[in-house]
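A structural walkthrough
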Amino acid sequence: MSGYEFERTSSGKCGVTLMNNQVGYVVAQVMRAKSGIRVSEFPSMIRVDGDGKIVFDFDEISDALGFDFDMTDFEEIMSTHYGRMVHLDDQTMLFANPEDAAEYIDFDLRPVQ
């Protein structure tokens with residue numbers, strides 16, 4: 001038997017895998033300072049995981065890097081993600097619960113009939 005278990009319940013978590021390079025490292029350091037965020041470093045990648053919602057603020061990251069950082073830069077260093085991802089001009093957000101992203105993705109929260 002495997003040591004893994006299958007559950008149909010939500011973990012309430014979301015996250016990304018970043019490249020472990022100079023830019024990915026600085027982004028991870030910015031995120032490490034935020035409440036509810038866990039950063040795990042591995043030789044070739046950095047995991048950034050959070051509870052409920054994660055916000056990558058591009059102005060905050062730009063300040064830490066010393067140069068402009070935007071969505072294309074974020075997509076360049078990110079290899080995978082889990083959770084509903086929403087890109088805005090000044091930030092990228094991940095939501096553990098897709099309904100929490102409803103206002104950004106034109107998702108209608110009508111009751112099921």
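Before going into details, it helps to say that this report is about the structure given with it. (Residues numbered from 1 in each chain as written. Predicted model: local features only at pLDDT ≥ 70, side-chain atom pairs only at ≥ 80, totals over all residues. Heavy atoms only, no water.)

Section: the side chain of Q91
Following the sequence through the fold, Q91 ends up in strand β7 (residues 91-95). Ignoring anything within four residues of it in the chain, the contact list for Q91 reads V55, F56, D57, F58 and V86. (Helix = DSSP H or I, 4+ residues; strand = E, 2+ residues; numbered from the N terminus. Contact = heavy atoms within 4.5 Å.)

Focus on the nonpolar core
Counting 23 residues, the largest nonpolar core has V16, L18, V27, V48, F56, F69 and F74 as the members making the most contacts within it. Within the residue set of this core, elements represented by two or more residues are β1 (13-19), α1 (22-32), β2 (37-41), β3 (45-51), β4 (53-57), α2 (58-65) and α3 (71-77). Ranked by the residues each element gives to this core, the list is headed by α1, at four residues. Not counting chain neighbours up to four residues away, the residues in contact with F56 comprise V16, V27, M31, V48, I61, F74, D90, Q91, T92 and L94. (Core = buried A, V, L, I, M, F, W, Y, C linked by side-chain atoms within 4.5 Å. Buried < 20%, exposed > 50% of the residue type's maximum accessible area, 1.4 Å probe, protein only.)

Topic: α1
Owing to its 3.6 residues per turn, the α-helix brings residues three or four apart onto one side. Along α1, the residues classified as buried are G24, V27, A28, V30 and M31. Along the axis of α1, the buried positions cluster into a sector of 160°, meaning they face one direction only. On its buried side, α1 packs onto β1, β2, β3, β4, α2 and α3. Where α1 begins, the capping side chain belongs to N21, and its oxygen is found 3.3 Å from the backbone nitrogen of V23. (Arc of directions from axis to C-beta. Polar contact = N/O pair within 3.5 Å; in protein donor to acceptor, adjacent residues only side chain to side chain.)

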